Structures are given as structure tokens and as C-alpha cells.
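# Structure assessment
The lines below spell out each chain.
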Amino acid sequence: MRPLRYSINVTLDGCCDHRVGIADEELHRHAVDNLNRADALLFGRVIYEMMEVAFRSPRSVPMPDWMEPFARTIDAAKKYVVSSTLAQVDWNAELLRGDLVDAVQKLKQHPGKGLFLGGVKLPLALAEAGLIDEYEFVIHPRLVGHGPTVFAGLSKYVDLKLVERLEFRSGAVAMRYEPRR
């Protein structure tokens, strides 16, 4: 069974707005390593559209050379998109329809390296259902004083066990956890 892995960038005060984190070469290399541990990406509509605008080839927005490996990796990846508002997707993507829990359980049952999950709302629903096998929080040494925050509205505790900790030159720290079951 493929594990479902989730990773999110968060400031010290809990903000997960993608515009407030530290974007550097080392953190992007780490993100590529994460993506390479998966056979496919699982996105909700918002993150799918955001990533498509930023990283679909050919890109109209210039980016630093060190960001290119991340852009190429995410551009080439197989994607599953959960959305009730999109009629269709492309960019190597497939819409997931019907019951979310059933659809994700079926994806996890396929053999392979894993599924990589991004975003905010979709991970909340999958955490509620107990379907996330690994959580990674990349904590950025920054206070921003606003949200959004990750897992806002979670109805029950999810107890986690630390399995890995990585420190980056920027002062960011990636902490990987598995649920205690």
C-alpha cells in the first residue's frame, strides 16, 4: 500500500500562506527530494491551480535557475485533483470524483512509492479520516501575525511521533512525523 505523505511550510506563529515562507535553493532541493518519494501528487483545486500557474511548462514567469529542478519535477508529476467545481483538468492530472475517503483509499492501495499531498483544506479532510501516513512541517523562522493556519477546525487530536528532523542554513527546520496508531 502506498503511503500518503503531507508536507507544509509554516511560520513560527503558524501561518501557512505560501507567500511568507523562505524560498531558497536548499529548501527547494528538499521539496524535490520529497516529490521524488512519490508516484503522484494529490491536490485540491486551489493548490492545483496555483502550482499550474507557477510551474506548468512552458513557464511565462521567470524564476531563478536553482528553482528549475523543482519546476521540472512538479511539471512532470502525475497529479490527482479533488474538486467539485472543476469540470476537467489537464497538466498530467485526473479529477477524483465521488466519496473522498473511498477515492483516496483506492489510490493508496495501488503499489508504488507513495502519494504526496499539498494544500490546506484537503489535508484537513484527510487528517479527519485518518488517511495521512506522514506529516512534515517545514517551520520557517519568521513571525507574520496572520493566517491562514494549518488544520484549523480539526475536530479531534491527531497524536504524532517524530521520525526525522532536518535543519537548514536559513534556520528553517523540517520535522517529519507519523501518526501514533
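Whatever comes next refers back to the structure up there.
Residues numbered from 1 in each chain as written. Predicted model: local features only at pLDDT ≥ 70, side-chain atom pairs only at ≥ 80, totals over all residues. Heavy atoms only, no water.

### Notes on the overall build of the protein chain
Condition: Here a helix means four or more residues in a row that DSSP labels H or I, a strand means two or more in a row labelled E, and each is numbered from the N terminus. When we talk radius of gyration, it's over C-alpha atoms, and the globule rule is simply 2.2 Å times the number of residues to the 0.38. Burial status follows relative accessibility: with a 1.4 Å probe on protein chains alone, a residue under 20% of its type maximum counts as buried, one over 50% as exposed, and anything between as partly exposed. In this description, contact between two residues means that some pair of their heavy atoms is separated by no more than 4.5 Å. Using a 1.4 Å probe, the Shrake-Rupley method yields the accessible areas, and only the shown protein chains count as cover for residues. His residues and chain termini do not enter the charge count, which takes Lys and Arg as positive and Asp and Glu as negative. We put the charge of a Lys on NZ, of an Arg on CZ, of an Asp on CG and of a Glu on CD.
Secondary structure assignment for the protein chain yields 5 helices and 8 strands. In the protein chain, the succession of helices and strands from N to C terminus is β-α-β-α-α-β-β-α-β-α-β-β-β. A compact globule built from 181 residues should have a C-alpha radius of gyration of about 16 Å, and the protein chain, at 16 Å, falls within 12% of that. Taken over the C-alpha atoms alone, the protein chain extends approximately 40 × 40 × 30 Å along its principal axes. The proportion of buried residues among the 181 residues of the protein chain is 45%. Contacts in the protein chain between residues at least 24 apart in sequence constitute 72% of all its contacts with a sequence separation of at least 6. Carbon and sulfur atoms provide 52% of the accessible area of the protein chain, an area that totals close to 9,700 Å². One finds the centroid of the 24 positive side-chain charges in the protein chain at a distance of 3 Å from the centroid of its 24 negative side-chain charges.

### Some thoughts on unusual backbone geometry
The amide bond that connects Ser57 to the next residue, Pro58, takes the cis arrangement and shows omega of -5°. Mapping Pro58 onto the fold places it in the loop between helix 2 (45-55) and helix 3 (68-76). In this chain, Gly147 is followed by Pro148 through a cis amide linkage whose omega measures 10°. Note on placement: Pro148 falls in the loop between strand 6 (134-140) and strand 7 (160-167). The backbone of Phe151 sits at a positive phi, close to 60°, despite the residue not being glycine. Of note, Phe151 is situated in the loop between strand 6 and strand 7.

### So, the state of the cysteines
What counts, and what does not: Note on terminology: disulfide denotes any pair of cysteine sulfur atoms within 2.5 Å.
For the structure shown, the criterion picks out 0 disulfides. Here Cys15 is not cross-linked by a disulfide; its sulfur's nearest cysteine counterpart is in Cys16, at 6.1 Å. A relative accessible area of 1% places Cys15 in the buried class. Residue Cys16 is classed as buried on the basis of its relative accessible area of 7%.

### Remarks on the sheet that holds strand 1 (residues 4-11)
Quick note on the threshold: In this analysis, strands are considered paired if DSSP registers two or more bridges between them. The angle between two axes is taken between their N-to-C directions and runs from 0 to 180 degrees, where each axis is a line fitted to C-alpha atoms and a helix contributes only its stretch in contact.
Read across the open sheet, the 8 strands follow the order 4-3-2-5-1-6-8-7; overall the sheet is mixed. With one partner strand each, in any of the chains shown, strand 4 (93-96) and strand 7 form the two edges of the open sheet. The average angle at which neighbouring strand axes cross in this sheet is 25°, direction not considered. Direction of pairing for strand 3 (residues 78-82) relative to strand 4: parallel, over a ladder of 4 bridges. Bridge pairing in strand 4 places Tyr80 opposite Glu94. In the packing of helix 5 (residues 121-128) onto the sheet, contacts are made with strand 1, strand 2 (40-44), strand 3, strand 5 (115-117) and strand 6, and the angle to strand 2 comes to roughly 105°.

### Considerations on the nonpolar core
Operational definition: By convention a nonpolar core is built from buried Ala, Val, Leu, Ile, Met, Phe, Trp, Tyr and Cys residues, the set being connected through side-chain atoms within 4.5 Å.
Grouped together as the largest cluster of nonpolar side chains are 25 residues, with contacts concentrated most on Leu4, Leu42, Leu126 and Phe137. Elements supplying a minimum of two residues to this core: strand 1, strand 2, helix 4 (100-109), strand 5, helix 5 and strand 6. Per-element accounting of this core gives the leading share, 4 residues, to strand 1. Dropping the residues within four chain positions of it, Leu42 is found in contact with Leu4, Tyr80, Val82, Leu96, Val104, Leu107, Phe116, Leu117, Gly118, Leu122 and Leu126. Judged by nonpolar contacts, the second largest core, of 22 residues, contains Met67, Ala77, Leu86 and Val89.

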